[in-house]
Amino acid sequence: MDFKYACKKCGKEYKADEIMYRCPECNRSERSGEMQKGNLRTLIDPDYLKGLAGRESVSPADFMPYPIPHISTYPVGNTPLIGPKRLREKSGCDDLWLKNDGMNPSGSFKDRASQVVASQALHFGVPTVTLASTGNAGSAMACAGAAYGLDIVLFVPHTAPENKLLQSVLYGAKVVPIEDTYDAAFSLSLEYTEKYGGINRNTGYNPMTIEGKKSISIELFNDLGRSIPDVMYVPVGDGVIYSGVFKGFYDLHVAGLIPKLPKLVAVQSTKSNAITTAWKSGDARTIEKATTRADSISVASPANGRMAVNYINDSDAWATEVSDEEISAAQLELAAEAGTFVEPAAAAAYAGFNADLAAGRVSRDQKIVVLLTGIGFKDMQAVTSAVSVPKAVKPNMQAVEEFLQS
Ligand SMILES: Cc1ncc(COP(=O)(O)O)c(C=O)c1O
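Residues numbered from 1 in each chain as written. Predicted model: local features only at pLDDT ≥ 70, side-chain atom pairs only at ≥ 80, totals over all residues. Heavy atoms only, no water.

Caption draft 1: Structural context of the pattern of salt bridges. Here the structure, examined in full by the defined rule, presents 23 salt bridges. Across the pair E25 and K12 runs a salt bridge whose closest N-O atoms are separated by 3.0 Å. In this pair, E25 is assigned in the loop between β2 (13–15) and β3 (40–44) and K12 in the loop between β1 (3–7) and β2, connecting sequence segments 13 residues apart. Taken together, the salt bridges that share partners define one network made up of K99, D101, R112, E219 and D223. (Salt bridge = Lys/Arg side-chain N within 4 Å of Asp/Glu carboxyl O. Helix = DSSP H or I, 4+ residues; strand = E, 2+ residues; numbered from the N terminus.)

Caption draft 2: Examining the site of the ligand more closely. Lining the immediate surroundings of the ligand are 16 residues, of which N136, G237, D238, G239 and T373 lie closest. A distance of 2.7 Å separates an oxygen atom of the ligand from a polar backbone atom of G239. Contact between the ligand and T373: a nitrogen atom at 2.7 Å from a side-chain N or O atom of the residue. Taken together, the residues of the shell around the ligand break down into six nonpolar, seven polar and three charged. (Near = heavy atom within 4 Å. Polar contact = N/O pair within 3.5 Å; in protein donor to acceptor, adjacent residues only side chain to side chain. Nonpolar A, V, L, I, M, F, W, Y, C, P; charged D, E, K, R; others polar.)

Caption draft 3: Spatial organisation of the sheet that holds strand β6 (residues 128–132). If you trace the four strands from one edge of the open sheet to the other, you get β8-β7-β6-β9, paired in parallel fashion. Of all the strands in the sheet, just β8 (174–178) and β9 (199–200) have a single pairing partner and so form its edges. (Pairing = 2+ DSSP bridges.)

Caption draft 4: Main features of empty space enclosed by the protein. Going through the model one piece at a time under the given rule, you end up with three cavities of 30 Å³ or more. Lining the largest cavity are 27 residues, and of these K110, T134, I241, S296 and I297 sit closest to its centre. When contributions to the lining of the largest cavity are tallied by element, the ones reaching two or more residues are α4 (136–148), α9 (240–254) and α13 (344–359). By residue number, the principal contributor to the lining of the largest cavity is α9, which donates three residues. For the lining of the largest cavity, a count of residues per class yields 13 nonpolar, 10 polar and four charged. (1 Å grid on protein atoms, 1.4 Å probe; cavity = no way out; pocket = protein on both sides within 12 Å on 5 of 7 lines; lining within 4 Å. Points joined across faces, edges and corners; volume = space filled by probe spheres on them.)

Caption draft 5: Here's a closer look at the packing of α4 against helix α5 (residues 162–171). Contact pair α4 / α5: the axes reach a minimum separation of 8 Å and the direction vectors enclose 15°. By the angle between their directions, the pair α4 and α5 is classed as roughly parallel. The crossing of α4 and α5 is left-handed. Contacts from N136, G138, S139, A142, C143 and A146 in α4 reach K164, Q167, S168 and Y171 in α5. Grouping the amino acids of the contact of α4 with α5 by side-chain chemistry returns four nonpolar, five polar and one charged. (Axes fitted to C-alpha atoms, helices over the stretch in contact; angles between N-to-C directions. Parallel < 35°, antiparallel > 145°, perpendicular 65-115°, else oblique. Left-handed = near helix turned anticlockwise from the far one by under 90°. Contact = heavy atoms within 4.5 Å.)

Caption draft 6: Highlighting the packing of aromatic side chains. One pass over the structure, following the stated rule, counts 13 aromatic pairs. Plain terms: the ring middles of F3 and Y66 are 5.7 Å apart, the flat faces sit at 90° to each other, and that makes the pair edge-to-face. Taken as a pair, F3 in strand β1 and Y66 in the loop between α1 (46–52) and β4 (81–82) lie far apart in primary sequence, 63 residues in all. Across this residue pair, the class does not change: F3 and Y66 are buried. Pairing Y350 with F353 gives two aromatic rings, centres 5.4 Å apart and planes at 50°, and the pair type is tilted. Taken together, the residues Y350 and F353, both in helix α13 and three residues apart, mark about one turn of the helix. Here the aromatic cluster, defined as three or more aromatic residues joined through ring pairs, consists of F3, Y5, Y66 and F124. For the cation-ring pair, R88 lies above W97, with the distance from its terminal atom to the ring centre recorded as 4.6 Å. Lying across the ring of F109, R112 places its NZ or CZ 5.6 Å from the centre. (Phe/Tyr/Trp six-rings, centres within 6.5 Å; stacked < 30°, edge-to-face > 60°. Buried < 20%, exposed > 50% of the residue type's maximum accessible area, 1.4 Å probe, protein only. Lys NZ or Arg CZ within 6 Å of the ring centre and 35° of its normal.)

Caption draft 7: Seen up close, unusual backbone geometry. With a phi close to 50°, N78 is a non-glycine residue in the positive phi region. Of note, R226 is a non-glycine position whose phi angle comes to about 55°, a positive value. Mapped onto the fold, R226 is located in the loop between α8 (215–223) and β10 (231–235).

Caption draft 8: Fine view of the nonpolar core. By size, the foremost hydrophobic cluster in this structure holds 90 residues, and its most contacted members are Y5, M232, Y242, V245 and F249. Core analysis: the next-biggest nonpolar cluster, separate from the first, contains 31 residues, V231, Y233, I297 and W318 among them. (Core = buried A, V, L, I, M, F, W, Y, C linked by side-chain atoms within 4.5 Å.)

Caption draft 9: Fine view of the sheet that holds strand β11 (residues 263–269). Ordered by their spatial adjacency, six strands build an open sheet running β4-β5-β13-β10-β11-β12, and the pairing between neighbours is mixed. A single partner strand is all that each edge strand has here, and the edge strands are β4 and β12 (319–322). Across two bridges, the pairing between β4 and strand β5 (residues 96–100) is antiparallel. Its bridge partner being in β5, L81 is matched across the sheet by K99. Along the sheet face, helix α10 (residues 274–281) touches β11 and β12 and points at about 135° away from the line of β12. Against the sheet, helix α12 (residues 324–338) makes contact with β5, β11, β12 and β13 (368–372), and its axis sits at roughly 90° relative to β12, the strand it touches most.

Structural data, given as C-alpha cells:
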C-alpha cells in the first residue's frame with residue numbers, strides 16, 4: 001500500500017521508501033522543559049482507504065503499511081471485548097465494555113506495535129531492533145524478536161518490574177538495565193542505534209509504533225458490529241497508545257467507514273501528568289519528575305506528547321487525572337468484580353472511567369469502552385500492599401473452621 005510521512009509540526013511530507021523517525025527539520029525542543037517536536041504521522045493514500053469502504057469486511061491488516069508475516073505461535077490482537085455483567089450493574093452503564101489487551105502474546109497492548117516494527121525490520125532486511133522501555137514494550141519486542149528471529153537490544157530503567165525484565169531475558173533479548181529513569185534509557189537507546197545501526201523501536205520515535213497500535217480501533221469497529229464507541233478510555237504515558245487508537249479511527253473515518261470519531265479520553269496519574277497538564281494549559285511542557293506507582297505510565301517527558309494533546313482536541317475529548325489510590329482501587333475492582341487482573345497502568349483507564357462517571361462527564365446510556373492495556377501478572381509487587389496470601393493452617397477440619405471464621 002502507498003503511504004508517506006508528514007511532520008505534525010511543519011507539515012512537510014517525506015517519502016516512505018526508507019526508515020524514518022522524526023522530522024529532520026523540527027526534531028528538537030527549543031526551550032528546556034519543552035516537549036519534543038517533529039513527530040511524524042503516517043499518511044496512507046486516501047484513495048486506497050476509500051476503496052476499503054466498499055468491502056463487506058475489513059481487517060487491521062488492510063490498514064498496515066507493511067505486510068505482517070503470519071506466525072501461528074504469535075497471535076497478536078483479536079483480544080476479548082468483555083461486557084462485564086457485575087460492573088455494568090454496579091455502574092448502571094448497560095453498554096460498558098472492557099477490551100482486554102493483556103491477552104496478547106507477551107501480556108500487553110505493546111505486542112501490536114512490536115509486531116509492526118518487526119515487519120518493518122523484515123521488510124528492510126534489518127536484523128537488529130533497539131529500544132528503550134518502561135518494561136512492556138521491551139518484553140513485547142523481545143517476544144516479537146523470538147517469533148520472527150530478530151536480535152533485540154533493550155534499555156530499561158533498573159526499577160522496572162522484575163517479571164517484565166525476566167520475560168525479556170527469557171525471550172532472548174539483550175537486556176541493559178540502566179541506573180536511571182526511562183527518560184535516560186530513551187536517550188541512550190537513540191545514541192546506541194546511531195552508533196551501531198539497526199532499527200530503533202522507541203515508542204513515539206518510530207512512527208510504526210503508532211501504526212501498529214491503531215489495529216485496536218479497526219478490531220473494535222468489527223467487534224462492535226461495524227460501529228464505534230461513544231467514549232473510550234485510554235491510559236497515557238508517552239501518548240503513543242492514545243495516538244495509535246486515534247489513528248485507527250482516523251483511518252476508518254478517511255475510508256468513509258465511520259461518520260465521526262469517538263471521544264478518546266486520556267487518563268493519567270496525578271503523579272505523572274505531563275500530557276493532562278499540557279492539554280489544560282495549552283503549553284507543551286514536560287514535568288520535572290514522574291513518580292506514579294503505575295510504572296508503565298510513569299513518564300516525565302512524553303515522547304509523543306504534542307501529538308497526543310492535539311488528538312485529544314481533535315477527538316473533541318478531554319484528559320482525566322486519577323490518584324494512585326484510585327488506580328489501586330480500580331485494579332482490585334476489576335479483579336474482584338470482573339475476573340480481570342490487570343497491571344496498574346491498565347487499571348488507570350478504569351479509574352478514569354469511574355472518576356468521570358462520578359463527575360457526570362459521561363452518561364450511563366453511552367457506549368463506553370475501557371482499554372485494559374496489560375495483564376496483572378507482570379507486576380505482582382503492585383498488589384502486595386492490598387492483598388496477601390494467608391498463613392498455612394494445620395491439616396484438620398477444626399483448624400480450617402477456625403481459620404475461615406476468624
Ligand atoms: C500497560 C500499559 N499501559 C499504558 C501504557 C501507556 O502507553 P503510552 O506510553 O504510549 O502512553 C503503557 C506503556 O508502556 C503500557 O505498557
